[in-house]
Amino acid sequence: MPIYQYFGAPTKFHGKPLFHILSNLKEFGRGRIITRAGFKDEKPSFYRVLFAQPLMDAKNEEGRVIVEKVKNGVKYTEPVDLSKIAPLPDFLLIPKDEEAKFCKWSELRDYSPDKDFVTEPKYYTMPPLLKLYMEREMKKREAKEDESTYLLPHYKTFKVKNFDQVDEDKIEKYQETVTRCEGTAGYNYNDKISPLYAYGAGNEEGAAKVVEKLPEEMPFPTPFVGMRLYKLPWSNMDKWNDREEPRYPENQ
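Now for a look at the structure at hand. (Residues numbered from 1 in each chain as written. Predicted model: local features only at pLDDT ≥ 70, side-chain atom pairs only at ≥ 80, totals over all residues. Heavy atoms only, no water.)

**Remarks on the sheet that holds strand S9 (residues 123-125)**
Next up, step 1: Pairing within the open sheet is mixed, and its three strands lie in the order S10-S9-S13. Either end of the sheet is taken by a strand with one partner, and the two such strands are strand S10 (151-153) and strand S13 (184-185).
Next up, step 2: Pairing between S9 and S10: three bridges, direction antiparallel. Within S10, the position partnered with Tyr123 by the bridge is Pro153. (Pairing = 2+ DSSP bridges. Helix = DSSP H or I, 4+ residues; strand = E, 2+ residues; numbered from the N terminus.)

Here it is as structure tokens:
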């Protein structure tokens, strides 16, 4: 029995480019079911081809493909363009006699914003050192403080859930999943710190003692006499040294 030895990182794609499949089907596979080897969902995930137009390039990998997307048993109401990820060798064709068994049509449901949403915190509490710095600056400015002064607004910075990063430069865009921002989350990881290295962080009293020992620091460094405020590249160091006048001519 021959022995095979594989070298390098294992591939993450285990299929064919999309147009290598559609080019061999009637009407470029209109109405056929295509899935990806990378799908690892519990419920059915696949595409139903609505329209395909190959670009007829040398490798027969480029073109435009419009599909109906089903992900984890949820059928999206808006069509999806697979033109960006069509060249990836990760697509599999489902035989016609196995479509009903694979797709499980009775278990699918349409996308609904009331059911298909992601919940994330509306605010995040500031990390301890950043909060300490903000408190010092607020006291210096004599600014007014309220409940949201030391909270970071996550509802302005959350990532939109309307794409999947399939490869380094290959993105699949689809109907956006609604993100609902509720509540406040913190950066308190005291329960994950070993008591051996806690140093007073295990409770509020110990944390207050640690903060009291921190020195008062200036917000920005103050330039001192003789300080250079620019960098000298090492390649030009000799040139700069030749231009400098001797500081102690009497010793030369």
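That was the structure; now back to the text.
**Notes on the sheet that holds strand S12 (residues 171-181)**
Next up, step 1: As summarised here, the arrangement of the three strands in space is S8-S12-S11, forming an open sheet in which the pairing is mixed. The outermost strands of the open sheet, each flanked by one partner alone, are strand S8 (117-120) and strand S11 (161-165). Taking each pair of neighbouring strands and ignoring which way they run, the sheet shows an average axis angle of 50°. (Axes fitted to C-alpha atoms, helices over the stretch in contact; angles between N-to-C directions.)

**With respect to the pairing of strand S3 (residues 63-71)**
Next up, step 1: The element S3 is extensively covered by neighbouring structure, given that seven of its nine residues are classed as buried.
Next up, step 2: Bridge analysis of strand S2 (residues 46-54) against S3 gives eight bridges, and the strand direction is antiparallel. Residue pairing across strands places Tyr47 opposite Lys69, the latter belonging to S3.
Next up, step 3: Strand direction decides the pairing type here: S3 and strand S4 (residues 74-75), joined by two bridges, are antiparallel. Residue pairing in the sheet places Val70 in a bridge with Lys75 of S4.
Next up, step 4: Linking S3 back to S4 in an antiparallel pair, the connection comprises two residues, with Asn72 at a positive phi of about 55°. (Buried < 20%, exposed > 50% of the residue type's maximum accessible area, 1.4 Å probe, protein only.)

**What to know about helix H3 (residues 128-141)**
Next up, step 1: Given a rise of 1.5 Å per residue, 14 residues ought to cover 20 Å, and the 20 Å separating the end C-alpha atoms of H3 matches this to within 8%.
Next up, step 2: Within H3, burial applies to Leu132, Glu137 and Met138.
Next up, step 3: Just downstream of H3, Glu142 is the residue with a positive phi angle, here 55°. (Expected span 1.5 Å × (residues − 1).)

**Here we look at the packing of aromatic side chains**
Next up, step 1: Tallied over the entire structure, the rule returns six aromatic pairs.
Next up, step 2: Pairing Tyr76 with Tyr111 gives two aromatic rings, centres 5.6 Å apart and planes at 15°, and the pair type is stacked. Highlighted residues: Tyr76 in the loop between S4 and strand S5 (80-81) and Tyr111 in the loop between strand S7 (109-110) and S8, separated in sequence by 35 residues.
Next up, step 3: Put simply, the rings of Phe46, Phe102 and Trp105 pair up and form one aromatic cluster. (Phe/Tyr/Trp six-rings, centres within 6.5 Å; stacked < 30°, edge-to-face > 60°.)

**A few points about the pattern of salt bridges**
Next up, step 1: Taken as a whole and judged by the stated rule, the model has ten salt bridges.
Next up, step 2: Across the pair Arg109 and Asp116 runs a salt bridge whose closest N-O atoms are separated by 2.7 Å.
Next up, step 3: Note that Glu137 and Arg141 form a salt bridge whose closest N and O atoms lie 3.9 Å from each other. One end of the pair is Glu137 and the other is Arg141, both in helix H3 and four residues apart, which spans about a single turn.
Next up, step 4: Ionic contacts of the salt-bridge type, sharing partners, join the residues Arg36, Lys69, Asp90 and Glu172 into one network. (Salt bridge = Lys/Arg side-chain N within 4 Å of Asp/Glu carboxyl O.)

**So, the pairing of S11**
Next up, step 1: Pairing of S11 with S12 involves four bridges; the strand directions are antiparallel. Of the residues in S12, the one forming a bridge with Asp164 is Glu172.
Next up, step 2: In this antiparallel pair of consecutive strands, S11 and S12, the connection spans five residues.

Just distances and angles here, no functional claims.
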